Structure formats: C-alpha cells, structure tokens
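The residues making up each chain are set out below.
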Amino acid sequence: MTDADWTRVSALLDELFDLDAAACAARLAQIAGDDPALAARLQKMLDADAVSGLLDEGIARVAPTVMVRLSEPEAAASGNPLRAAACSGLQLGHYRLVERIGAGGMGEVWRGERIDDFEQQVAVKLIRPLMDSPALRERFSRERRILARLDHPNIARLLDGGVSEDGTPWYAMEFVRGEDIVSHARHHDLDVRARVELLLQVCNATAQAQSQLIVHRDIKPSNLLVDDSGRVRVLDFGIARLLDDSADLQLTGTGVRVYSPVYAAPEQIRGDAVGTAADVFALGAVLFELLTGEPPHPQRSATPDRLLAGLDHETAPRPSQTLRERSRQSSELRLSHFAREVGGDLDQIVATALHPDAVRRYAGAAQLGDDLRRWLDGHPIAARADTAGYRMRRFVARHRLAVGSASAVLLALIAGLGLALWQAGVARDQAARADAETERMGRTYRFVMSMFNAIQPSRGGGQNQQQTVEMLLRDGLGRLDTELADMPDVRAGLRASWSALLISLGHLDEGLESLEQAVAEYEALSPDADGDLVSALINVAGAYKDAARPDDAEAAARKALRLLESEGSDKVAERIQARTVLANLATFRFRSDEAITLNEQILEDRRQISGLKPSDLAVNYNNLASAYLYGDRYADAERLYRDLDQLLRDSPGSPPSRRVYSLSGIAWSLLGQARFDEALQVTDEMQAIGRETLSEKHDLVVSAQTLRARVAAARGEYGLADRLFADAIPRMTDSTASIALLNWGAGLVEQGRHAEAIERLQQARELFASSKRADSPPGLFCTALLETARAYRDPDATTNAQAALERFDALGLQRSDDRVRAMLAVAGLLASQGRTDEAAELGRQAASQATALLGAKHPLSLEAAALADHL
Amino acid sequence: MGEVSVLLAAANAGDRAASDRAFELVYADLKRLARRQLRIASPGHGATSLVHEAWLKLARPDAMNVNDREHFFALAARAMRQLVIDHARNRAAVKRGSGQIDEDLDAVATRVGSVGDTDRLLELDQALERLGAMDPQLVRLVEMRFFAGLELSEIADVSGRSERSLKRDWRKARAVLHANLDGSDLHD
C-alpha cells in the first residue's frame, strides 16, 4: 500500500465506522464499483473490527513469559504474617505481654510489664518479620544498642529488644500515658504560642538524636504523645530505619519503606537518600497540622503511583492561607485570629521546613528549633534573614510596568512544549535518520547487548545479575588500551561509543572522562579521523552541557563547527547538531542575539535538506520565533509565528491543536507590542481551539488561560485577570506557574495592591529558587519587584531593591528587558520616597538601556522615557 | 535532572542521537528491571507498572515537563514492544533449535504452562512495522495501549489528545492490524 492508498483507506474507515450496517454495505458496494480491490480490503478490515483478536487479549496473556516474571514478586512479598500469634502472658526478654493495644501494617503493639517488677509498664512492639537471618538479628541488636543510648526527657526510652524464638523482632519501650500532640492541642484549646512550644519540645528531642546521627524517619502525630503534665514524648526513634534495613536485607526490591505518606518528605517517598532534612519536613508537617488542624498535603494519595506523581505539583504551603480559606467557610472567629498570628514569620518558618527541595529546608531539627525560639522571643527569624531589608516606607504612587516578563514563559512553554508535538515530523526526517554516527552507536550498542545476552549470570550467583551492561562497558573500556593498542582508530571509536553509553546509563562523570580521552585519541589521528572527531566533539559537548560545564560544552561544539567548516562540509546533519547545542547554551545563558543567529542558521540548513516537507520545518520556525520573542524582537517574532500558523493550516493532517502554539506565540508578540485588542482576539481563538482539541487540564490550555489573564490585566480588566490567574495557577507546573505568578504580581503592584502582590511574588520567588532560576532575568526581576512591593508597604526599612538591580550586573545580564522593568519599578519606588533625583537618574538609564536594547518605539522604551520625563 | 530528562530535552531540540540514547537507556533499564523482580500490582498490569516504574526511576518526574512526559511514555512503550518482541524472537529461535534460551525469564513460563503467542506476536510486530511507514501515530498508540498496557484515559492525559479521537484511532488500528496479521495487505 502506498501512502496515498493509506490516506484513502484511513479516511474511508472513519466514514464506514459511523454508518449503520445497511448504509455501510451500500457504501461498500459503491466503492466496489470503482475499485473492487479496495472494497475487498475494507470489507476484511470491517470483518476484523467485528471480532476479537490478538490486540484484545492483553500483553500479560499474550506474552506470559515476560509478564508473569515481572509480576511474580508481589505474591512473595505479601505473605509473611506474624508467624505465631502473640498472646497475653507471652514472655519476651524480661517482659510479659499483658494486653494488645494496637495493630498496624508493620506489626502489633502490646502493653507489657517487667517480670520482676509489675510496677514498670512498658510498650512492646512486635514487628512482622520480613526475613529471619543471622545477619538481620545481628543488625537488629546492633541498632538497638545504639538506640538504647538515646537519653532525652522528650524521647520514650528504648528499654530492651530482641528476636523471639519464632523469629519475630520485638522491642520494649517506656510506656507513655497520653494522647497524640494534635488531639492534645485541640482538647486543651491551646493558643498558637503553646502549640509552638509543644513542637519545640519535639525539635529538641529530634535535634539531640540527630546530633548522634540518628534520624527518626517517621515523625507523625501518633508518634508524639503528650502526658498530663504537658511533656511530649517522641516514640519509635530510629525504628523506621531498623525496619528499612531488614527490608533491604531481603534484597527483593519490593521497596518496603516505612513512612506515613502524609508527613513524609518528598525524597523519602521517591526512595532517595534520607537525612536530617526529612525529619525537618515531618516536623514542619506536624507544626502545620498543629496550627491549622489539617496536614499540609492532605490530598496525598495512598497508592504509590499517584503519590509519586502528585509530588511534582507540591509547593510549600502556608498555614495562614489554609486558615484564611477555612475561616471564609466557617464563622469560627478563632480561625481568622489564628491566621493573623500565624501569618508572617511563622508562615515563613513552616514553609521553610516544608520546602519540597531538601537542601532548601532547615538543615536539621536544631535549626528549626532555633527559629521557633526566635519567634517565641520576638526576634527576627533566620529563614527570613536574606530579605532583612523588607521593612520600609509607605508609598502611594504607581506606574505601569509595561508588558511584564514574557521571556521565560517562552522557554518553559513554547520552546519546550511546542516541539514534542512535532516529534512525529522529526522522526520522519530522512536526513536526520541517515546520521552515520547514530547508526554506528546503534551497532555498537547491539554488539554490547549481544555480549550481555550471551553471558548468563551463574546460577546461585546471588544478586550479581544487576551489574551487566555497566560492568561489561567498564571491563571493555579497561581492556581497550592493552588489547587494541595497534588499532588506534577502532580503539577511539569504541571508546567514544562506550563512553556515550556509559553516560546514557547515568554515569556522567565517568563516561565524560573517557569520552574526553576518545576525543584526544581522535585528535592525535587528525586529520584522517576528523569526521569521527566531529561526532565525538558533538557528543562530548552534549555531555559537558549535562554536566553543567557550559564553557567546555561551548568550546567543544565550536571546535566541531570549525572542523566542519574547514572540511568544506557537506555534513549538514552534524552542523545542525553542533549548532543546536550552541543554541541551547545561548538560550540557557540568556544570550538572545546569539540564539537568534544560530537558530537562523539552523533553519537555513534545514531548508537545504532535500526531501523535507514544509511541515518538517515547523519545529525550526518555532525555535527561531521563540528566540525572537525571547530577544524582545516582537515584530520579527510575530511575522514568523504568523508564517508558522499559515504553514500549520496548510498542512493536511496536521492536528488543529498545534495551532495553539503558533497562536500563543502571536499573542505574546502582540502583547509585547502593546497591541492588546488584537492579542485578545488571538487568545480567544487559541482558547477555543485548545478546549476543542486538548483536554481541559492540558498544560497548554492552562497556560493559554494565564496569557488571557495577562491580556485582561493589560486592558485594565483586573477582576477578570485575578479570576483567571487564580484558577489556572494551581494546575500549572512550577516553571510556568512561577512566570504566571510574577506577571500577576506585576499587575498587582501596578494597581497598588501591595499586600497581595507580595504574597504572589513570594510564591513566584520560591518557585524560581526551587527550580534554580533565581538568578535568571525573570527571577531577578521577581526579586526586585518583591523588594519594591515590600518597600511600598513598609516605609520604615531600607530597601534591597537596588541590590537586586546590581545582581543583574554581577551576573553579566545587563542586556535584559527584565532589568529595564526592574529599573522602572525601583525608580517608581524612589520617586515615592521623595528621592526624585535618584529616581530620575534611574529612569533615564532605563530609557537609554531600553532604547539601545529594543529600539525607541518599543513600548518599554516609551514607558521608560515617559517616566524619566515625568520626573 | 534525570539523564532521560536531559536526553528528551535535547531530543526535543532536534537532537536525534539523544532520542536514540534515551531509547537505549529505557530499553536497557526495562530489561534490567524485569530481571530484578519489581513490585507489581497484578499480572495484568505488569507492563504498565513496569513503564511507570521506569518512569519514576529514570525520568525523575520532578525534572520533566509535560511534553517530555508524553515523549517518555511513547519511548517506554516502544521499548516495551522491543522487550516483548526480542523475547518472542528468542523463544522462536529456541523452538527452531538455535539461539540461547533466556533462562531467567523462561523458567517461569514453563511453570505457567503457556509459552504465549510467539508467532502471532512476531507477525504483529511486522504488521506494525509496515503500518508505521504510513501512520506512525497509530503505531505509537498501539505500543502505548497494547504493549505498555496504558489506559486510553492515561494516553489522553500524556498526549493531550481527546479520548474520543484516541478511541477512534484504536478501533482503526485494531481493524487494520487484525485484518493484516498475515501481512497480505500492508505490503507496498
């Protein structure tokens, strides 16, 4: 069948599927008149449509050999209940079980008493044995000895422990009469201070344990009991670790992890290394619940898949916000009273403890405790020290911040999102497919895989099966020098391929080092091996980029380009690859002029490749257009996006949803040119297409809504803008949400709604920081704007706003429209403080920078000039 | 950022080698994961869990945007197909008396008593190959639904396409492939 035949068959099937039996038969007869073979073929497909076949059976049925194996361990892991039911009177060590007081997933809890001293009450925990082995027993008793040394008034003492005759590990702990910390606070109707003081006790206990390198790993209200005297006791210290280890010893990979999803730190849920910061997160979660009555992430799912998937969207929540939301829904006065007391520093403390990124939290329980003490004493807290200049002077003036920050949206939204939809087109790209290096790598890879398949791990060889590819690669790389000493070209080739593989298996540093060696080997063979050298340089450039060594990446890619040029270069694919690396780097480093030039060259090269359909160039149109937009060349961007839009409309078979990308580009271009009414028309069309062709929660549909919100704000429809932003942002990814919040905040500053602006901008800044973009132009603009808004709000303090400006220069980002916006914001602030001369000077600088950067007619230049004149 | 995220980002920027490397990485790891007894909900969901597992392990979801996610699932589904087909080939070779049996995986099959539909799978693979030349989108759908065991709603979620249009495509792919498992029709 040819492509044309298929297009016809596909369309006819669509048509026939919609007809009833009679109409279908009639239509088939009609087709048979023109083309009997086609009709027969369609009939065969319709017959197949009516009966079940291979594809309905499910892969587990069809390929049980693979699938059953995959699903087997579940059965093994779910067995193993407590071997013998524990019973009253059972004697363990020096203790006797009295009554069962609880049971859970990991085992049972009993009240017990000491055999020779009935007065001494203990809690005995019996743990469901995951495995019984001498190694586990040994590990268990060693850990127990370490835990037994924990001596703190707020930690329930571990008294004894062991493994019973039937293999059940058990331990006895000081028996605490009391209720859990949250219930205690509720029943005693404690105020905010008293609640913080309760948690401080927990912090002290945890800090002492952490100083002995013991991490709790399962802090939650039910492990924090408060007795009648108000003393808190932390239960089960280090037990989670003990259980984890016993699971690890099993080496099943069944992934038994002991934690409570609602209070666990994200890294714990992901199965990453867990340290003191995980306890800090849990302490923050308990504090959050003490203050608001509910845990910070109540929506966390109990099923592992969803739990993990949900982590992406989590941000550090603020207790005061939760309290305010709840106080709106209830008449309880206490809630809004709490909200006022909690808002501010305590909010900041909780948010710092609950930061999704472990390194951004307090380092340990001690640091969290210190800040809580500072709060209790009314001192400035450490979590806020970096913004110490936030108390300043009140102010009234306002001015417009022109178009807001569009730039990073394009990175996050258009550049990234647009491309994936065109993957199909790229995959058909014959020129790219013919890439010889890829083929060579593929062959080598298959060769390695065949080695791997041939060597069956020895039976009974234990757990060595996991090594495999890495092992072979390392072994192979190690032998290259001795065994292939006489074949330098093959040696370099294998080294290059294998290092690339090693890198793709996650061993970046190791693979990179060896790839560098391959490059050196090729260089020694120059000029005979220059073709291979180019490919190796392109690979090493990519690896440098991944290793966050942009200078090395750039040098390697440039060298590859130079070689291609000196060769006379018919290797278009390589040239495109090298320039793609450079273009990415330029974009990453905010060098928009360079990114534009490179993308122009790439587009030019792609045009020269024969056999490409116009639609195959869509991705390059998009890249160049977004580079224009990013470089504030709005008119160029608009032109190219309109070309792209036309191209998409003209391509048969191109899904209409793709036009959302071109239309959103056009809308941003118009917004940049202050053509708000036209932008409105385009966003309307874009939203209509988005709703029709994409799901409501598709990232692009959500982002389109914030674009619409920007247009609304620019047109003065503030209420609408607020609603659209508020509705869209919770559904966005961090990177797009950060920009949306920044734009929202900028609009709020324009309107003089400083308190709200501060809240939005703080959220934006956290997102910038957590995605390591605090030092990007929009991130810096966000900081400057936040400082400005704070200064407007609080007239008594000195401002950090100018410091934020200087940061642009320190990072070499002077040539940025976001810097101009930041300057305008600060100039407005200075004017409001009566520092007119400084304000005018800054306004003049902004105007001249904007003119140099964007041209005199750019809205931002006009804005800056108007401000300077006014002053 | 996870290695796969980086590769997918590069692939999205037109770097074909990165896309291939990502595929190799996913394939190798699916294979390794298969060997390493994973936690899996139920036999019927083996493939899905495997793909999700690989996704969590390799892609570090925290570092990936929505489109990379679509790309990843397409890639993982393709790798899943490759894994199943490679295995079927291996079995076919063993049946013919050549080739090295994959002991690990096969020990179980004997116990289960079914060797599966090796030949039909290989036919399906060829039919998919031919269909892919004309309509790669349909093939990706079959890979995600049949080989990776993703629900249409999940596919809609990652691809941004409507469930209705996916359903229509699935029906079409199913009719065409079933009608052509003997390979008579899709030949050039």
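Residues numbered from 1 in each chain as written. Chains lettered and ligands numbered in written order. Predicted model: local features only at pLDDT ≥ 70, side-chain atom pairs only at ≥ 80, totals over all residues.

### With respect to the overall build of chain B
Part 1: Each helix and strand in chain B was counted, giving nine helices and zero strands.
Part 2: Here chain B holds 188 residues, and 59% of them are scored as buried.
Part 3: Long-range contacts, defined here as pairs at least 24 residues apart, represent 66% of the contacts in chain B between residues at least 6 apart. (Helix = DSSP H or I, 4+ residues; strand = E, 2+ residues; numbered from the N terminus. Buried ≥ 20, exposed ≤ 12 C-beta atoms within 10 Å, placed from the backbone. Contact = placed C-beta atoms within 7 Å.)

### Thoughts on the overall build of chain A
Part 1: Across its full length, chain A holds 41 helices and nine strands.
Part 2: Here chain A, with 871 residues, has 48% of them falling under the buried criterion.
Part 3: The long-range fraction of contacts in chain A, counting pairs at least 24 apart against all pairs at least 6 apart in sequence, stands at 63%.

### Remarks on the pairing of strand S6 (residues 169-174) of chain A
Residue and element names in this part refer to chain A.
Part 1: Of all six residues making up S6, five are buried, and the element is well covered by its neighbours.
Part 2: Taken together, the five bridges between strand S5 (residues 158-163) and S6 define a ladder with antiparallel strand orientation. Bridged to Gly162 within S6 is Trp170. (Pairing = 2+ DSSP bridges.)

### Regarding the sheet that holds strand S8 (residues 224-226) of chain A
Residues and elements named next belong to chain A.
Part 1: If you trace the three strands from one edge of the open sheet to the other, you get S7-S8-S9, paired in antiparallel fashion. Unpaired on one side and paired on the other, strand S7 (179-180) and strand S9 (232-234) mark the two borders of the sheet.
Part 2: The sheet contact formed by S7 and S8 spans two bridges and is antiparallel. Residue pairing for S8: Glu179 is matched across the bridge by Val226.
Part 3: Running over the sheet, helix H9 (residues 192-211) touches S8 and S9 and is turned about 40 degrees from S9. (Axes fitted to C-alpha atoms, helices over the stretch in contact; angles between N-to-C directions.)

### What about the nonpolar core?
Residues and elements named next belong to chain A.
Part 1: Core analysis: the largest hydrophobic core is formed by 134 residues, its most contacted members being Ala560, Leu785 and Val826.
Part 2: When residues of this core are sorted by domain, at least three fall in each of domain 4 (430-455 + 466-562) and domain 5 (733-870).
Part 3: Not counting residues within four places of it along the chain, the set of residues in contact with Leu785 comprises Gly745, Ala746, Val749, Leu761, Ala822 and Ala825.
Part 4: Formed by 73 residues, the second largest nonpolar core is a distinct cluster that contains Trp110, Leu126, Ala185 and Ala365. (Core = buried A, V, L, I, M, F, W, Y, C linked by C-beta atoms within 7 Å. Domains from an automatic or database assignment.)

### Observations concerning the packing of H9(A) against helix H17 (residues 365-377) of chain A
Residues and elements named next belong to chain A.
Part 1: Two numbers describe how H9 lies on H17: the axes approach to 8 Å, and their chain directions differ by 150 degrees. It follows from the interaxial angle that H9 and H17 lie roughly antiparallel. Classified by chirality, the crossing of H17 by H9 is left-handed. Of the residues in H17, those in contact with Arg193, Val196, Glu197, Leu199, Leu200, Cys203, Asn204, Thr206, Ala207 and Gln210 of H9 are Ala365, Ala366, Leu368, Gly369, Leu372, Arg373, Trp375 and Leu376.
Part 2: Per-class residue counts for the contact of H9 with H17 are 11 nonpolar, four polar and three charged. (Parallel < 35°, antiparallel > 145°, perpendicular 65-115°, else oblique. Left-handed = near helix turned anticlockwise from the far one by under 90°. Nonpolar A, V, L, I, M, F, W, Y, C, P; charged D, E, K, R; others polar.)

### Points about the environment of Lys857(A)
Part 1: Mapped onto the elements, Lys857(A) comes out in the loop between helix H40 (836-854) and helix H41 (859-870).
Part 2: Along the primary structure Lys857(A) and Gln673(A) are separated by 184 residues, whereas in three dimensions their C-alpha atoms are 9.3 Å apart.

### Observations concerning unusual backbone geometry
For residues besides glycine, phi is generally negative; the peptide bonds are generally trans as well.
Residues and elements named next belong to chain A.
Part 1: Phi is positive for Asp189, close to 50 degrees, though the residue is something other than glycine.
Part 2: Position of Asp189 relative to the elements: it lies in the loop between helix H8 (181-187) and H9.
Part 3: Phi at Arg217 is positive, roughly 75 degrees, even though this residue is not glycine.
Part 4: Relative to the helices and strands, Arg217 is located in the loop between H9 and S8.
Part 5: Residue classification places Arg217 among the buried positions, given that 25 C-beta atoms sit within 10 Å.

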